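A look at the structure
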Amino acid sequence: MDLFDKLVERPSPLGPFTSEGYGYYTFPKLEGPLGPDMKFNGKDVVVWSINDYLGIGANETIKKVDADAAAKYSFSAPMGARLMTGNSDEHEALEKELADFVHKPDALLLNYGYQGIMSVIHSLVDRNDFLIYDELSHACIVDGKQLAMSETAVFKHNDIEGLERQLQRAVNRMKPNSSILVVTEGVFGMTGDLGKLKEIVALKEKYPFRLLVDDAHGFGTLGHDGSGAGTELGCQDGIDIYFGTFAKSVALIGAFVATEPRVIEFLKANARSQIFAKSLPIALVVSARERIKLIRENPQWRDKLWENAKKLRKGLREIGYNVLPSESPVTPVLTEGSTELCTTIMRELREKHGIFVSGVAYPVVPKGMVLIRLIPMATHTDKHIDKTLKAFEAIKPIVFKDVNVSKSA
Ligand SMILES: Cc1ncc(COP(=O)(O)O)c(C=O)c1O
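All figures in this text were calculated on a predicted structure; none of them were measured in a lab.

Time to look at the pairing of strand β15 (residues 369–374). The pairing of strand β12 (residues 331–336) with β15 spans 6 bridges and is antiparallel. Looking across to β15, one finds that T331 is bridged to L374.

Before going further, it helps to examine the nonpolar core. One finds L98, I121, L131, I132, F256 and V257 to be the most contacted residues of the largest nonpolar core, which totals 104 residues. Of the residues forming this core, the biggest block, 8 residues, is contributed by helix α11 (residues 282–297). Mapping this core onto the domain boundaries places at least three of its residues in each of domain 1 (3–54 + 299–399) and domain 2 (60–297). Ignoring sequence-local partners within four residues, the contact set of L98 consists of A107, F256, A258 and I292.

On to the site of the ligand. What surrounds the ligand is the set Y112, G113, Y114, H138, C140, E185, G189, D214, A216, T245, A247 and A255. In terms of residue class, the shell around the ligand is built from 6 nonpolar, 4 polar and 2 charged.

What follows is about helix α13 (residues 339–353). Its 15 residues place the ends of α13 21 Å apart at the C-alpha level, agreeing with the 21 Å of an ideal helix rising 1.5 Å per residue. Among all positions of α13, only L341, C342, I345, M346, L349 and R350 are buried. The buried residues of α13 occupy an angular sector of 160° when projected down its axis, which confines them to one face. Away from its buried face, by an angle of more than 90 degrees, α13 presents the exposed residues E340, R347 and K352. Trailing α13 by a residue or two, G354 shows a phi angle of about 65°, which is positive.

In this section: the sheet that holds strand β3 (residues 43–47). Note: strands within a sheet are paired through backbone hydrogen bonds, in either parallel or antiparallel orientation. Strands sit in the order β1-β2-β3-β13 across an open sheet of 4 strands; the sheet is mixed. Of all strands in the sheet, those bounded by a partner on one side alone are β1 (30–31) and β13 (355–356). In the sheet, strand β2 (residues 37–40) pairs with β3 via 4 bridges, with the strands oriented antiparallel. Of the residues in β3, the one forming a bridge with F40 is K43.

A cis amide bond links A77 with the next residue in sequence, P78, at an omega value of -5°. You can see P78 is positioned in the loop between α2 (60–73) and α3 (89–101). Cis geometry is found at the peptide bond from Y362 to P363, where omega equals 15°. Looking at the secondary structure, you find P363 in the loop between β14 (358–360) and β15. Despite not being glycine, N158 has its phi angle at roughly 55°, a positive value. Positionally, N158 belongs in the loop between β6 (151–155) and α6 (160–173). Judged by C-beta crowding, with 19 C-beta atoms within 10 Å, N158 ranks as partly exposed.

Looking now at the domain arrangement of the protein chain. Considered domain by domain, the protein chain is made up of domain 1 (3–54 + 299–399) and domain 2 (60–297). Taking only C-alpha atoms into account, the centre of domain 1 sits 27 Å from that of domain 2. Across the contact, 16 residues belong to domain 1 and 18 residues belong to domain 2. Elements that contribute at least two residues to the side of domain 1 that touches domain 2 include exactly α12 (299–318), β12 and β15.

Calculation criteria
- Residues numbered from 1 in each chain as written.
- Predicted model: local features only at pLDDT ≥ 70, side-chain atom pairs only at ≥ 80, totals over all residues.
- Pairing = 2+ DSSP bridges.
- Helix = DSSP H or I, 4+ residues; strand = E, 2+ residues; numbered from the N terminus.
- Core = buried A, V, L, I, M, F, W, Y, C linked by C-beta atoms within 7 Å.
- Buried ≥ 20, exposed ≤ 12 C-beta atoms within 10 Å, placed from the backbone.
- Domains from an automatic or database assignment.
- Contact = placed C-beta atoms within 7 Å.
- Near = placed C-beta within 6 Å.
- Nonpolar A, V, L, I, M, F, W, Y, C, P; charged D, E, K, R; others polar.
- Expected span 1.5 Å × (residues − 1).
- Arc of directions from axis to C-beta.

Right under this line is the structure:
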């Protein structure tokens, strides 16, 4: 059978969101300056779907830095991979600043978080090793596992006893040259709960393993200084390899891992997606440096983000919604219903109330459940929150049509 003909017959992982939903539920185009007020299909909407947590995307200082850096360096330089011709003082300076920010001795820039962490996992473990990860880990960790030559095992989400069983199992089967890598997330992006990092770090007293934490959503939003979930939970030192991406709080492209210099040296020579790919443009790196500097200098952005998250959650709970007990700014609203209800909620909010949210249904969440995820930003105002709460109040008859009692967790 022709390969392309076969593809057409394969069920899409996006299910009913695929063709009829294109441009609306999937691949929607939010237009206008980045921020809480954007346009969707020509209509003004209050946006709760972008991860620009600190409102950096609309920051005027940053825009000027971006423009000046682009004028000075263009978007082309440097050409080539870092290893060959693509390195610069700016890249190296950013790495030092990132390491300092997250309280680690050294850091390595990654072109993209997704490929970067895949390669990090791939290069760290070999066929003698054991890789153990949380079942709700992001796709990039799961794909990293697919590449890894090691034995892999999964533990139930945040189930420390389950992790311990896997560690015990690995220890029982270890050869003299076997090692163990445990991978989890700082913040689980769909539900907003934190990885049980402190408990995992405590297991190091009993088992010989290294811990890699993907803190995509925690970097910039958690900890007294924005250095992430490890700092928030008081165990940053116990994280052996800290991963952060610029795709959320930094509102840019790029990512990094921070760890000991000897591991960075190893990754520089072994992380294949970085060795065989063009490095980040200098203009972007200059912008990243300024963004990191501003994040460090403006803790009030993080305070405002949290103030908004708390107001939004309180309001949603007061009108009867089941807001999951998130420990990060991610605000997940769970209700009973079908995929159809999920799309109806999104459509009602967008068309009748000018509120843009994203929702997911089965198979991302269990059958019969609908999860609407709101991402607060520091740039949301009380007006945005009030308008959103009014809209959620107005759609209650639709949301709770088949539910006898609305819950408030
Ligand atoms: C938890 C998590 N890890 C990794 C990534 C991938 O990062 P990037 O967008 O930099 O490729 C994302 C999404 O951005 C994410 O949410």
